[in-house]
Amino acid sequence: AQSVTQPDIHITVSEGASLELRCNYSYGATPYLFWYVQSPGQGLQLLLKYFSGDTLVQGIKGFEAEFKRSQSSFNLRKPSVHWSDAAEYFCAVVLNNNDMRFGAGTRLTVKP
Amino acid sequence: SQTIHQWPATLVQPVGSPLSLECTVEGTSNPNLYWYRQAAGRGLQLLFYSVGIGQISSEVPQNLSASRPQDRQFILSSKKLLLSDSGFYLCAWSAGIYNEQFFGPGTRLTVL
């Protein structure tokens, strides 16, 4: 079955530290992959997307993600986390039937 | 630029009462439209999507329904709310099935 897995429910990092949020997908065809961020009580904001081409994609707010087909992964990274990055992060994949599947989300806490 | 609106922002309704949530998109034509529900501490569940006026696809059977009376208007309804309908409802639009989705600010529904 097609699915998206975010293994980490909650991650805590110190401000200024690097960040990596994991995302694994299970999908037979070439995936269209996305990362979204959601602040409490808000809608989702698109951070970045991967459709094809360069497997390292740059997004907004200093985020990047790398598509690794061999590992079925699309991990999100940021070299230096800011307190304002504290939020919920969702990985998503679009299937071929107009269905965007989301992972369960990873909640990021940033320690001062 | 495109914008997406949802109202109301917050709603408290008794069990058995009707529901109508509205979503409108500005700045684009013939968008794909989506309704999601996000339960507390969980990911997003696709409820309905629409690729055109009057065209609604349901992903999850339940007591909710959706309608698209105009190109950029998407309505989520219920004749009788259940306690389990409580949650955060998000509307989204995209330019096509493989494009990123853009989300509205959401409606927090509490059924008592």
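No experiment lies behind these values; they were computed from the predicted model shown. Every chain is numbered independently, its residues counted from 1 as its sequence is written. Numbering of ligands from 1 and lettering of chains from A proceed in the order in which they are written. In view of the model being predicted, local features appear only for residues whose pLDDT reaches at least 70, and side-chain atom pairs are presented and counted only at 80 or more, with totals across whole chains, interfaces and linings using the full set of residues. The side-chain values count all of the structure's non-hydrogen atoms but skip hydrogen atoms and water molecules.

Colleague: Could you clarify how one ought to interpret the pattern of salt bridges in this entry?
Modeller: If the charged atoms of two oppositely charged side chains come close together, the side chains can form a pair. Only one rule defines a salt bridge in this text: a Lys or Arg side-chain nitrogen within 4 Å of an Asp or Glu carboxyl oxygen. This model, assessed by the stated rule, comprises seven salt bridges over all chains. With a closest N to O distance of 2.9 Å, A:Asp8 and A:Arg22 form a salt bridge. Residue A:Asp8 is found in the loop between strand 1 (3-5) and strand 2 (10-14), and its partner A:Arg22 is found in the loop between strand 3 (19-21) and strand 4 (24-26); the two are separated by 14 residues along the sequence. Two residues, B:Asp85 and B:Arg37, come together in a salt bridge whose shortest N-O distance is 3.6 Å. Taken as a pair, B:Asp85 in the loop between strand 8 (73-78) and strand 9 (87-94) and B:Arg37 in strand 4 (residues 32-38) lie far apart in primary sequence, 48 residues in all. Given the relative accessible area of 3%, B:Asp85 is considered buried. Salt bridges here are not isolated pairs; linked through shared partners, they connect A:Glu64, A:Glu66 and A:Arg77. By definition, any uninterrupted DSSP run of H or I lasting at least four residues is a helix, any uninterrupted run of E lasting at least two residues is a strand, and each is numbered from the N terminus. When accessible area is computed with a 1.4 Å probe and restricted to protein chains, residues below 20% of their type maximum are described as buried, those above 50% as exposed, and intermediate ones as partly exposed.

Colleague: Please explain the nonpolar core as it appears in this structure.
Modeller: Most often, soluble globular proteins keep nonpolar side chains buried together rather than apart. Buried residues of nine kinds, namely Ala, Val, Leu, Ile, Met, Phe, Trp, Tyr and Cys, make up a nonpolar core once their side-chain atoms join them within 4.5 Å. With 28 residues, the main nonpolar core has A:Leu19, A:Trp35, A:Leu47, A:Leu48, A:Phe74, A:Leu76 and A:Tyr89 as its most contacted residues. Mapped onto this core, the elements with two or more residues apiece are strand 2, strand 3, strand 5 (32-38), strand 6 (44-50), strand 8 (64-68), strand 9 (73-78), strand 10 (87-94) and strand 12 (106-111) of chain A. With four residues, strand 10 of chain A is the largest single contributor of residues to this core. Residue contacts for A:Leu76: discarding those within four places in its chain leaves A:Leu19, A:Glu20, A:Leu21, A:Trp35, A:Leu47, A:Leu48, A:Phe63, A:Glu64, A:Ala65 and A:Tyr89. The next biggest cluster of nonpolar side chains, apart from the first, holds 20 residues, and it includes B:Leu19, B:Cys23, B:Val25 and B:Leu81. Two residues qualify as a contact provided that any one of their heavy atoms is within 4.5 Å of a heavy atom in the partner residue.

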